[in-house]
Amino acid sequence: MRNQICKLRTKTVSGSEITWHEKEVFCGEKSIVASEFYASYNVGLKLEYSLDVDPYDFEEAYQEGEAPSEVEYKKKIYILVRTYKPNETSMELKIGVKL
């Protein structure tokens, strides 16, 4: 159930200017699988959340061919570590922080 809000953040670079674009979308929080948590830890990342969003919303967040690379959730900015699309109506975003 997507009853929370997150912001998909996409970075664009034009010369020496960096611009962040944000798209607010509905999301639902899911559990992180233990194997994914430990695998990410081994490469210097800590997965915090798995968010379920509408794939159409994710595609709308693209800017100049660039996919979103960060997610703002619960007033904190996270790195978008991995995306997974299990079906046509759902996309999982694994988000976390660098250790």
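Up top is the structure.
As the structure is a computational prediction, the values presented were derived from the model and not from experiment. (Residues numbered from 1 in each chain as written. Predicted model: local features only at pLDDT ≥ 70, side-chain atom pairs only at ≥ 80, totals over all residues. Heavy atoms only, no water.)

Undergrad: Describe the overall build of the protein, naming the residues involved and giving the relevant values.
TA: When helices and strands are tallied, the protein shows two helices and six strands. Listing the helices and strands of the protein from first to last along the sequence gives β-β-α-β-α-β-β-β. The C-alpha atoms of the protein give 13 Å as radius of gyration, which agrees with the globular expectation for 99 residues (13 Å, within 12%). Taking the principal axes of its C-alpha atoms as reference, the protein extends roughly 40 × 30 × 25 Å. Restricting the contact set of the protein to residue pairs at least 6 apart, pairs at least 24 apart contribute 56%. Of the roughly 6,200 Å² of accessible surface on the protein, 48% is carried by carbon and sulfur atoms. (Helix = DSSP H or I, 4+ residues; strand = E, 2+ residues; numbered from the N terminus. Rg over C-alpha atoms; globule rule 2.2 N^0.38 Å. Contact = heavy atoms within 4.5 Å. Areas by Shrake-Rupley, 256 points an atom, 1.4 Å probe, with all protein chains shown as cover.)

Undergrad: Explain the environment of Val-33 to me, and be specific about the residues and the numbers.
TA: In this structure, Val-33 sits in the loop between strand 2 (17-30) and helix 1 (34-42). On a C-alpha basis, the gap between Val-33 and Tyr-49 in space is 10.0 Å, while along the polypeptide they are 16 residues apart.

Undergrad: Can you explain the pattern of salt bridges? Please cite residues and give values.
TA: All told, the structure shown has 12 salt bridges when counted by the stated rule. A salt bridge links Lys-74 to Glu-29; the nearest nitrogen and oxygen atoms lie 3.2 Å apart. Taken together, the positions of Lys-74 in the loop between strand 4 (70-73) and strand 5 (76-87) and Glu-29 in strand 2 put the pair 45 residues apart, joining distant regions of the chain. What makes Glu-29 partly exposed here is its relative accessible area of 38%. One network of salt bridges, in which partners are shared, links Lys-30, Glu-36, Arg-82, Glu-92 and Lys-94. (Salt bridge = Lys/Arg side-chain N within 4 Å of Asp/Glu carboxyl O. Buried < 20%, exposed > 50% of the residue type's maximum accessible area, 1.4 Å probe, protein only.)

Undergrad: Which residues make up the sheet that holds strand 3 (residues 45-53), and what are the values?
TA: One closed barrel accounts for six strands, arranged 1-2-3-6-5-4; its pairing is antiparallel. Mean inter-strand twist for the sheet, computed between neighbouring axes without regard to direction, equals 40°. Bridge count between strand 1 (residues 4-14) and strand 4: three bridges; the pairing is antiparallel. Within the sheet, the bridge partner assigned to Arg-9 lies in strand 4 and is Glu-70. Running at roughly 135° to strand 3, helix 1 makes contact with strand 3, strand 5 and strand 6 (90-98) of the sheet. (Pairing = 2+ DSSP bridges. Axes fitted to C-alpha atoms, helices over the stretch in contact; angles between N-to-C directions.)

Undergrad: Give a description of the state of the cysteines that names residues and reports values.
TA: One pass over the full model with this rule turns up zero disulfides. In this structure Cys-6 is a free cysteine whose sulfur lies 3.7 Å from that of Cys-27, the closest cysteine sulfur available. Given the relative accessible area of 1%, Cys-6 is considered buried. (Disulfide = S-S within 2.5 Å.)

Undergrad: Tell me about a nonpolar patch on the surface, and name the residues and values.
TA: A cluster of nonpolar side chains, namely Val-13, Ile-18 and Trp-20, defines an oily patch on the protein surface of about 290 Å² accessible area. Secondary-structure assignment places Trp-20 in strand 2. With relative accessibility at 33%, the residue Trp-20 sits in the partly exposed group. (Patch = residues over 30% accessible without salt bridge, like charges linked within 9 Å, V, L, I, M, F, W, Y side chains within 5 Å.)

Undergrad: Give a detailed account of the side chain of Arg-9, specifying residues and quantitative values.
TA: Within the fold, Arg-9 resides in strand 1. On the accessibility criterion, Arg-9 (11% relative accessible area) is buried. Not counting the four nearest positions on each side in its chain, Arg-9 is found in contact with Trp-20, His-21, Glu-22, Pro-68, Ser-69, Glu-70, Glu-72 and Ile-77.

Just geometry here; none of it tells us what the structure is for.
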